[in-house]
Amino acid sequence: MADVRIRFDDLPKTVFEFMDWPWERIEPFFADLADRQIYEINLSTWLKDWTRVNELIDESLQRLQVATTLDTTDTAAEQKYLAYLENIIPRARAAGQKLKEKLLSCGMRPNSFAIPIRNMKAEAEIFREANLPLFTEERRLANEYDRIIGAQTVQWEGKEITITQLRPVYQEIDRAKREAAWRLSAERQLADRAAINGVWVKLMKLRGEIAANAGYEDYRDYRWKQLLRFDYNPSDCETFAHAIADVVVPAAAMLYEKRRRQLGVETLRPWDLDVDPFARPPLRPFGEVAELEEKTAAIFRRLDPELGQYFQTMRDEKLLDLENRKGKAPGGYCTTFAVAGRPFVFMNAVGLHDDVQTLLHESGHSFHVFAADHLPYEQQKEVPMEFAEVASMAMELLAAPQLEALEGGFYTREDAARARLEHLQNSLMFWPYMAVVDMFQHWVYTHHREASDPARCDAKWTELWWRFMPNVDYRGFEEVMATGWHRKLHIHRYPFYYIEYGLAQLGAVQVWRRSLKNHAQALADYRRALALGGTVSLPELFAAAGAKFSFEVNTLQGAVALMMETIKTLETIQ
C-alpha cells in the first residue's frame, strides 16, 4: 500500500486547485480511508485525514454556490455549481456513508465526539443512495427560485431598481409615496406567482419522494431526523406557538396600536409599518458599503478586541459581499470555507438600519466559525442551527449599545435609541411571524397532497396569518397577503429551517439580560459557548452561554417583559 501520510499530504493546501479535480482523482482518498484498519493509535490520524478531504469538497461546493448567489444571471457559474452537485457530491456522500459505518462499527471514540457519533448514527439510518440525485435536483430548483426572485425589478422615478432597493421608500414620510412603492413591489412579485407555484409543485414532489425512499410516511419526520433535532419534537413547536399566541401576540398588538395612534390613521396598512411614527426623517446610518464596513468594524473593536480582529480579517481577506445589485440572490447569509477556516458574509445592503442589524447578525455567525476552528475534526464543528442563531441574534443585542457615534458609531444618542427601539419592537413582532412560517411548514409536510396545491397553501397561510398577525389591514390586497409564503426563501430553499430563529431569539434575550448585569462575563461565556462547536448537546450549548433552552410560557414572558421595559426606557430618549 502506498504511504498514506504522503498521499494525504499531497492534497492541495487550498481549495482553488482541488475544486477542478474530477471524482476519479478524489475517490482514491476515500478508498484509502475505507481500506485502512483503525486502531486506537491511528484513530486521530484517520479522522483528520477524513476531515481534510471532506473540507476540501465542502469548501469547493460552498464557493461554487456563493458564485451563483453573487450573480444569478451567471449561467457559467450555475453550470459549474450544478456539475459539482451532480458529479462529485453524490459520490462523496456515498463514499462518506461507508466511512461513517466503518467508524460506528469499530467502537472506538475520540474525546468530545459523543454528539458527532449520535449524529452519524442518525445520518446512517436515513441514508439512501436513491436520494442523492434527488438532492441535486432539489438544489437546482432552489437556484431556480433564487433566479426568479433575483430578477424582480421595477421602474421607480425613471430608474430600474430591485425590489430590495425599493425598501427605503417605505420609510418616507409621504404616505401616498409609500403606498405607491408598496403597490409597485406587490404587483411585480405577484407577476411571478405562477412561476413560483410551478417550482413549488416540483419541490413538493421531490421532497415526498425523498421521504418515501428513506421509509418515512411524511417529509416532516424525515426532515426532523435529517436536521438532527434530538432535543425537541414537533409537539414542542406547537407548545412554543401557543406560548407566542398567549404572550407575544397581545404585546405586539399593543405596539401596533400605539403605532396606529401615533400615525393618526384609521387602520395600519402594509405601507405604514416602516415609517417613523413621529414623522422624523428615516434613519440613514451609512451611504456607501465601505462606511457600513468601517463603522461595524469600530463597533466590534470596542466590544471585544478579538471579535474586532475577526471582523478585520474578513475585511482584509475580502470575505464580505454586502451591497445589493441587480441579479444578486435575495437575503443574507454567512457560510464557511472549511479549509481556509474562514466565514463568508453575503447580504443586500441599501442604506437602512436593517442592513446594520443584518451585518451584526451575520458577523455573529462568522465569529462562530472563527471560535470553533480550533476543533480538530470536521464533525465537531457542525453546530446545531438553533444555537448557531443564538450566536448571531445575541450579537445584535450585545453590540446595540455601541451604535452611538462616540468613536465611529452610526448615530447620535437620540438616533441610537431610536434604532435600538425599532430593533426591539421588530424582534418582539418577529415571534408571531416566525410562528406563521413554522406552523405553515408543519401543515405543509404533514398534509403533502393538499400542500402540493399552491391555492391551498395560500389558504393555510392566510388562516395562520390572521391567528398570529391580525393587526395590519390588507383589505384589497388579500392575494398579496395570501402569497406571503412565496417571499420567505427558507420555505423554498431550506425546509423546516425557521423555528431556529424563534428559539435562538429567546436564548439571545437571555444572554443580553445577563450582559446588563455583567457585560464582560456574559461576553466571555458567549465566546466560550461558541468555541464548543457541536461537541455538546443543544441544551448544554444554551447553558454554556447563560441561557435556558425552553419552549415554555414563563421563559417567554420573562423575555417579553425585559423587551417591553427597555422599549419604554428608550422611548424617553426620543
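Up top you'll find the structure we're talking about.
Presented here is a report on the structure given in the accompanying data block. Everything numeric in this text was worked out from a predicted model, so none of it was measured.

A word on the overall build of the protein
Helices and strands together make up the secondary structure of the protein, namely 25 helices and 5 strands. Whereas a compact globule of 574 residues would reach a radius of gyration of roughly 25 Å, the protein reaches 24 Å, a difference of no more than 12%. Based on the C-alpha atoms only, the size of the protein along its principal axes is roughly 80 × 50 × 45 Å. The burial tally for the protein puts 58% of its 574 residues in the buried class. Considering only contacts within the protein whose residues lie at least 6 apart along the sequence, 76% involve residues at least 24 apart. Surface summary for the protein: the accessible area is close to 23400 Å², and the carbon and sulfur share equals 50%.

Description of the side chain of T136
Mapped onto the elements of the fold, T136 is located in helix α8 (residues 132–150). Once residues lying within four places of it in the same chain are set aside, the contact partners of T136 are L85, E86 and P90.

Description of unusual backbone geometry
The backbone of E157 shows a phi angle near 50°, a positive value even though the residue is not glycine. Examined against the element boundaries, E157 turns out to sit in the loop between β1 (153–156) and β2 (159–162). Unlike most non-glycine residues, A279 shows phi in positive territory, near 60°.

Quick look at helix α16 (residues 385–399)
Between its first and last C-alpha, α16 extends 21 Å over 15 residues, near the 21 Å set by a 1.5 Å rise per residue. Extensive coverage of α16 is indicated by the burial of 14 of its 15 residues.

Regarding the nonpolar core
A general feature of soluble globular proteins is that nonpolar side chains tend to end up buried together. F240, F387, W431, F468 and L556 are the most contacted members of the largest nonpolar core, which has 157 residues in total. Per element, the largest residue contribution to this core is 19 residues, and it comes from helix α17 (residues 413–446). Residues within four places of F387 in sequence aside, it is in contact with H368, A529, L530, L538, L541, F542 and A545. Counting 37 residues, the second-largest nonpolar core is a separate cluster that includes M19, L33, I57 and I89.

Points about the environment of F367
When you line up the elements, F367 lands in helix α15 (residues 353–372). Between the C-alpha atom of F367 and that of G308, which follows or precedes it by 59 residues, the distance is 9.8 Å. Once residues within four sequence positions are removed from consideration, F367 is found in contact with F300, L307, Y310, F311, M395, Y526 and L530.

Some points on the sheet that holds strand β4 (residues 333–337)
With mixed pairing, the 3 strands of this open sheet are ordered in space as β3-β5-β4. Of all strands in the sheet, those bounded by a partner on one side alone are β3 (320–323) and β4. The mean inter-strand angle of the sheet, taken between neighbouring strand axes irrespective of direction, is 15°. Of the pairings in the sheet, the one linking β3 to strand β5 (residues 342–349) comprises 3 bridges and is parallel in character. Opposite L320, over in β5, you have V345 as the bridge partner. Taken strand by strand, helix α4 (residues 43–70) contacts β3, β4 and β5, and its axis lies near 145° from that of β4.

A look at the pairing of β4
Of the two faces of β4, the one lined by Y333, T335 and F337 is fully buried and the one lined by C334 and T336 carries no buried residue. Pairing geometry for β4 and β5, over 5 bridges, is antiparallel. Residue pairing in the sheet places T336 in a bridge with P343 of β5. Connecting the antiparallel pair β4 and β5 is a turn made up of 4 residues, with G341 showing a positive phi of about 65°.

A closer look at helix α14 (residues 305–316)
If you check α14, its first and last C-alpha atoms are 16 Å apart, about what 12 residues at 1.5 Å a residue would give, namely 16 Å. Taken as a whole, α14 has its buried residues at L307, G308, Y310, F311, T313 and M314. Structurally, α14 contributes buried residues whose contacts are with α13 (289–303), β3, β5, α15, α16 and α23 (519–531). Two or three places before E306, at the start of α14, stands the capping residue D304, its side-chain oxygen 3.0 Å from that residue's backbone nitrogen.

Describing the packing of aromatic side chains
Inspection of every chain in the model, using the stated rule, returns 43 aromatic pairs. Judged by centre distance (4.9 Å) and plane angle (85°), the rings of F300 and F367 are edge-to-face. Of this pair, F300 sits in helix α13 while F367 sits in helix α15, placing them 67 residues apart in sequence. Grouping residues by exposure puts F300 and F367 together as buried. Arranged with centres 4.5 Å apart and planes meeting at 5°, the rings of Y333 and F346 form a pair that is stacked. Placement of Y333 in strand β4 and of F346 in strand β5 is noted, with a sequence separation of 13 residues between them. For the pair Y333 and F346, a shared accessibility class is recorded, and that class is buried. If you follow R63 out to its NZ or CZ, it ends over the ring of F337, 3.8 Å from the centre. The lysine or arginine in question, K328, covers the ring of F346, its NZ or CZ lying 4.7 Å from the ring centre.

About the criteria used
- Residues numbered from 1 in each chain as written.
- Predicted model: local features only at pLDDT ≥ 70, side-chain atom pairs only at ≥ 80, totals over all residues.
- Heavy atoms only, no water.
- Helix = DSSP H or I, 4+ residues; strand = E, 2+ residues; numbered from the N terminus.
- Rg over C-alpha atoms; globule rule 2.2 N^0.38 Å.
- Buried < 20%, exposed > 50% of the residue type's maximum accessible area, 1.4 Å probe, protein only.
- Contact = heavy atoms within 4.5 Å.
- Areas by Shrake-Rupley, 256 points an atom, 1.4 Å probe, with all protein chains shown as cover.
- Expected span 1.5 Å × (residues − 1).
- Core = buried A, V, L, I, M, F, W, Y, C linked by side-chain atoms within 4.5 Å.
- Pairing = 2+ DSSP bridges.
- Axes fitted to C-alpha atoms, helices over the stretch in contact; angles between N-to-C directions.
- Polar contact = N/O pair within 3.5 Å; in protein donor to acceptor, adjacent residues only side chain to side chain.
- Phe/Tyr/Trp six-rings, centres within 6.5 Å; stacked < 30°, edge-to-face > 60°.
- Lys NZ or Arg CZ within 6 Å of the ring centre and 35° of its normal.

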